[in-house]
Each structure stands twice: as C-alpha cells, then as structure tokens.
Amino acid sequence: MRTVSSTASVRLYHLDDSDPVAQTLFYGPLAEAIVIARQQSEDVQAGLWFATDNDVVPFLDIDAD
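These numbers were taken from a predicted model, which means no experiment stands behind them. (Residues numbered from 1 in each chain as written. Predicted model: local features only at pLDDT ≥ 70, side-chain atom pairs only at ≥ 80, totals over all residues. Heavy atoms only, no water.)

Notes on the overall build of the chain
Okay, step 1: Per the secondary structure count, the chain includes three helices and four strands.
Okay, step 2: Its C-alpha atoms give the chain a radius of gyration of 11 Å, within 12% of the compact-globule value 11 Å for 65 residues.
Okay, step 3: For the chain, with 65 residues in total, the buried portion stands at 29%.
Okay, step 4: When contacts within the chain are restricted to residue pairs at least 6 apart in sequence, those whose partners lie at least 24 apart make up 40%.
Okay, step 5: Element-wise, carbon and sulfur atoms account for 49% of the exposed surface of the chain, whose accessible area totals about 4,600 Å². (Helix = DSSP H or I, 4+ residues; strand = E, 2+ residues; numbered from the N terminus. Rg over C-alpha atoms; globule rule 2.2 N^0.38 Å. Buried < 20%, exposed > 50% of the residue type's maximum accessible area, 1.4 Å probe, protein only. Contact = heavy atoms within 4.5 Å. Areas by Shrake-Rupley, 256 points an atom, 1.4 Å probe, with all protein chains shown as cover.)

Here it is as structure tokens:
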C-alpha cells in the first residue's frame, strides 16, 4: 500500500502517446502538484504522472473522485 504525504517532493510530468519525451510541469510538494494537475484538461490529466524518490504514480490514481 502506498503512503502519500502532501509535503512529499514530487515531479509532475506529462507523457503523451505521440511523444516519448516527458514534459515536466512542476517540481515541489505533492499538494501543489495536485493543484496544478487539476487545472489541466481531462486529456492532459490522463497522461500526468508523479515521480518521487522511489515511486511513480499516475495522477488519476491519486486524484480518484
């Protein structure tokens, strides 16, 4: 089971199926990264990922409503 802390340092990035290069949107606390991710369109949100020191998690797994 994953432990998630709002203060954990993360890299928020986007992966597009048509472009193999990840585009970094933000480095910083998870809480801020979630705010930025929620501001993106649904299409972009589907390709957003959080990377920590030891894990990679899709945005939609963290922000399931």
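With respect to the environment of Ala 51
Okay, step 1: In this fold, Ala 51 is placed in strand S3 (residues 48–51).
Okay, step 2: Ala 51 sits 40 residues away from Arg 11 along the chain, and the two C-alpha atoms are 5.1 Å apart.
Okay, step 3: The contacts of Ala 51, once residues within four sequence positions are left out, are Ser 9, Val 10, Arg 11, Tyr 13 and Val 56.

Describing the confidence of the model for the chain
Okay, step 1: Per-residue confidence for the chain gives a mean pLDDT of 89, with 91% of residues at or over 70.
Okay, step 2: Highest mean pLDDT in the chain belongs to helix H1 (residues 30–38) (95); lowest belongs to helix H3 (residues 59–62) (91). (pLDDT = per-residue confidence, 0-100.)

Here we look at the pairing of strand S1 (residues 9–16)
Okay, step 1: As defined by bridge partners, S1 adjoins strand S2 (residues 19–29) across seven bridges and the pair is classed as antiparallel. Opposite Asp 16, over in S2, you have Asp 19 as the bridge partner.
Okay, step 2: Two successive antiparallel strands, S1 and S2, enclose a turn made up of two residues.
Okay, step 3: Judged from the four bridges that link them, S1 and S3 form a sheet pairing that is antiparallel. Paired with Arg 11 across the two strands is Ala 51, which belongs to S3. (Pairing = 2+ DSSP bridges.)

As for H1
Okay, step 1: Burial in H1 covers these residues: Leu 30, Ala 33, Ile 34 and Ala 37. Buried positions in H1, seen along its axis, are confined to an arc of 100° and lie on one side of it.
Okay, step 2: In this fold, the buried residues of H1 make contact with S1, S2, helix H2 (42–45), S3 and H3. (Arc of directions from axis to C-beta.)

Notes on the nonpolar core
Okay, step 1: One finds Val 10, Leu 12, Phe 26, Leu 30, Ala 33, Ile 34, Ala 37, Leu 48, Phe 50 and Phe 59 forming the largest nonpolar core, which totals ten residues.
Okay, step 2: Of all elements in the fold, only S1, H1 and S3 reach the threshold of two or more residues within this core.
Okay, step 3: It is H1 that provides the largest number of residues to this core, a total of four residues. (Core = buried A, V, L, I, M, F, W, Y, C linked by side-chain atoms within 4.5 Å.)

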